[in-house]
Structure formats: C-alpha cells, structure tokens
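Each chain, written out:
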Amino acid sequence: MLRLCYLSDIGRVRTVNEDRAVVKEDLNGWSLAIVADGMGGHQAGDIASQMAVELIQVGIQFLDAGVSSEERQRQLKSAIEVANEKVFEFASQREHYHGMGTTVVAALASPDRAVIAHIGDSRAYRIGGGQIEQLTEDHSLVNELVKNGQISREEASHHPRRNVLTRALGTEPTIEVDVQEVSWQKGDLLLLCSDGLCGLVDDERILEAASGTEVLEEKARRLIKEALDAGGDDNVTVVLVANDGAGPEISNDGEAR
C-alpha cells in the first residue's frame with residue numbers, strides 16, 4: 001500500500017502562493033499526485049495552477065486498472081493536454097490573464113510502478129536505498145544551456161534567467177508532455193516538488209531531509225524548512241508518496257505549519 005502527504009508554504013518573499021498540489025488515493029489500485037507551480041501577473045498564476053490540478057484529476061478519474069502501461073501513459077498525457085487546452089482558452093478570452101501558465105508534475109503510482117508526466121521545471125525524484133534520482137528533466141532555459149555546454153550546473157543555480165521556462169502548461173494551444181513509467185519498490189519514496197525546493201536545496205540535502213523513519217508529514221515539513229532556511233524566495237510545495245506496505249494514510253491539509 002501507499003501513503004501520501006503534501007505540504008505547501010508561501011515562502012519568505014512572495015505575497016501569493018501560486019503553487020497547488022493534490023493527492024488522490026484508490027483510483028482502481030493507483031494513487032494520483034500532482035504539483036503545479038503557476039506563473040503570471042494579476043493573480044493569474046494561482047488560477048492556472050488550480051485549474052490544472054482540477055482538470056487533470058477529472059481527466060484521470062476513470063482510470064482502468066487493467067490497461068497496459070502504454071495506455072496508462074497515454075491517459076495521463078491526454079489529461080494534461082486537455083488541461084492545457086482549457087487553461088489556454090480561459091486565458092485567451094480574458095485580457096488580464098493572457099500568458100498565464102503553470103508547470104505540472106504528476107505521478108500515477110501503484111506498489112510496483114509509477115507513471116511520471118511533467119512539463120516545466122517542477123520535478124519528480126525517486127528516493128531509496130540511501131540514494132536520490134531525479135526522474136524528470138527541467139524544461140528551462142538554463143537546463144538547455146547546461147546541456148549545450150554553455151554553462152555549468154553550478155552556474156545554472158544562480159543564473160539570472162534560471163526561472164525562464166521553455167515549456168509550460170497553458171501558454172500555448174498545444175504542448176509536448178514528457179511521460180515515462182518507472183519501477184519502484186517497498187521502502188522507496190517518490191518526491192514531487194516545485195522549484196521552490198529544488199531550486200534552492202541540493203539533492204544531497206533533499207535526500208537527508210527525506211530519509212529516516214519519521215512519519216511522512218514530518219519529512220515533508222523538514223523539506224519545507226530546508227527551502228525556507230535556504231532563503232525561501234519562492235513558494236515551496238512538496239508531495240511525498242511512500243511505498244512501505246502500510247495501510248492508506250493521506251495527509252492533505254496542504255499548508256505547512
């Protein structure tokens with residue numbers, strides 16, 4: 001069985017929390033987790049992220065447990081694509097919301113498999129056996145510069161344009177969503193997060209904060225604290241999905257305290 005928890009914090013600088021997250025258990029044997037990090041002025045970012053998580057939930061709610069791996073990936077990808085169409089249409093019809101959008105990272109997880117889909121720079125990690133593995137690749141300008149050898153990873157972490165995305169949900173009529181299915185096992189942890197965490201806290205500190213035997217919510221609180229202690233200059237949101245054989249446990253009050 002899987003346990004799920006999410007927490008979000010406005011951070012130390014922002015006046016609005018444009019992050020949204022949701023966890024949903026028991027979709028015919030699968031659990032759904034989503035993190036969305038909105039962007040845009042006039043409160044548009046929080047509208048985009050809220051619409052995205054709601055629309056993706058609707059698009060995946062009738063998941064059939066018996067479908068193939070390819071069909072699971074197709075269904076999650078399709079739900080994100082439909083959400084993109086609706087967010088783009090909403091923004092196009094309202095002058096103050098033109099250009100609004102959001103990142104999305106979503107996971108459909110069972111005790112042995114997880115489908116991961118994303119667009120933007122919110123990330124998914126797999127943590128287990130004392131190791132952390134980034135499962136997603138940022139759709140960002142600095143990541144393109146790193147891949148092309150123009151800047152180093154260290155330079156990317158403080159590059160003046162590190163927040164510029166090359167892909168986002170809602171900013172264009174169609175999008176390209178990266179989707180994969182990965183294996184995981186008892187004792188592993190999936191972490192989904194906005195860049196308010198991974199943009200400030202390196203992988204080793206994330207691994208340390210997410211390790212241990214504490215209850216899942218305590219690990220989430222430690223991750224939030226790491227981001228705040230590192231400056232907290234952005235909203236920070238984390239979702240944890242634990243594969244530990246325990247009974248269902250969902251903590252979704254949604255706000256770090």
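Residues numbered from 1 in each chain as written. Predicted model: local features only at pLDDT ≥ 70, side-chain atom pairs only at ≥ 80, totals over all residues. Heavy atoms only, no water.

(A) Focus on the overall build of the chain. Assigned secondary structure in the chain consists of seven helices and 12 strands. For 257 residues, the compact-globule estimate of 2.2 N^0.38 gives 18 Å, and the chain sits close to it at 17 Å. Taking the principal axes of the C-alpha coordinates as reference, the chain spans close to 50 × 40 × 40 Å. With 257 residues in all, the chain has 51% of them scored as buried. Put simply, of all contacts in the chain between residues at least 6 apart along the chain, 73% involve residues at least 24 apart. Total accessible area computed for the chain in this model is approximately 11,500 Å², and 45% of it derives from carbon and sulfur atoms. (Helix = DSSP H or I, 4+ residues; strand = E, 2+ residues; numbered from the N terminus. Rg over C-alpha atoms; globule rule 2.2 N^0.38 Å. Buried < 20%, exposed > 50% of the residue type's maximum accessible area, 1.4 Å probe, protein only. Contact = heavy atoms within 4.5 Å. Areas by Shrake-Rupley, 256 points an atom, 1.4 Å probe, with all protein chains shown as cover.)

(B) Structural context of helix α6 (residues 203–210). All of the buried residues along α6 are Ile206, Leu207, Ala209 and Ala210. One face of α6 carries all of its buried residues, which in axial projection span an arc of 165 degrees. Exposed and facing more than 90 degrees away from the buried side of α6 are Glu204 and Glu208. Where α6 is buried, its residues contact β7 (123–128), β8 (131–134), β10 (189–193), α5 (195–198) and α7 (216–229). Phi turns positive one or two residues past the end of α6, at Gly212, with a value near 105 degrees. (Arc of directions from axis to C-beta.)

(C) A look at the environment of Gly212. Here Gly212 lies in the loop between α6 and α7. A relative accessible area of 47% places Gly212 in the partly exposed class.

(D) Molecular detail of the pattern of salt bridges. In total, this model carries 16 salt bridges according to the counting rule given. We note a salt bridge from Arg126 to Glu133, for which the minimum N-O separation is 2.5 Å. Across the pair Lys147 and Glu137 runs a salt bridge, and its minimum N-O distance is 2.7 Å. One end of the pair, Lys147, is in helix α3 (residues 141–147); the other, Glu137, is in the loop between β8 and α3, and 10 residues separate them in sequence. Of the residues examined, Glu137 reaches a relative accessible area of 38% and is grouped as partly exposed. Each member of the salt-bridge network shares a partner with another, and the members are Arg72, Arg113 and Glu181. (Salt bridge = Lys/Arg side-chain N within 4 Å of Asp/Glu carboxyl O.)

(E) Seen up close, the nonpolar core. In terms of nonpolar packing, the biggest core is built from 30 residues, with Ile34, Ile56, Leu76, Ile80, Val104, Leu108 and Leu169 touching the most fellow members. Here this core takes seven residues from helix α1 (residues 44–60), the largest share from any one element. (Core = buried A, V, L, I, M, F, W, Y, C linked by side-chain atoms within 4.5 Å.)

(F) Unusual backbone geometry, seen in detail. We note that Asp26 has phi near 70 degrees; this positive angle belongs to a residue other than glycine. Structurally, the position occupied by Asp26 is in strand β2 (residues 19–27). Here Asn28, not a glycine, exhibits a phi torsion of approximately 55 degrees, which is positive. Along the chain, Asn28 falls in the loop between β2 and β3 (30–39). A relative accessible area of 47% places Asn28 in the partly exposed class.

(G) Structural detail: the packing of aromatic side chains. As enumerated under the stated definition, the model contains one aromatic pair in all. Ring geometry for Phe90 and Tyr97: centres 5.6 Å apart, planes at 15 degrees, overall stacked. In this structure, Arg94 is placed above the aromatic ring of Phe90, and the distance from its NZ or CZ to the ring centre is 3.9 Å. (Phe/Tyr/Trp six-rings, centres within 6.5 Å; stacked < 30°, edge-to-face > 60°. Lys NZ or Arg CZ within 6 Å of the ring centre and 35° of its normal.)

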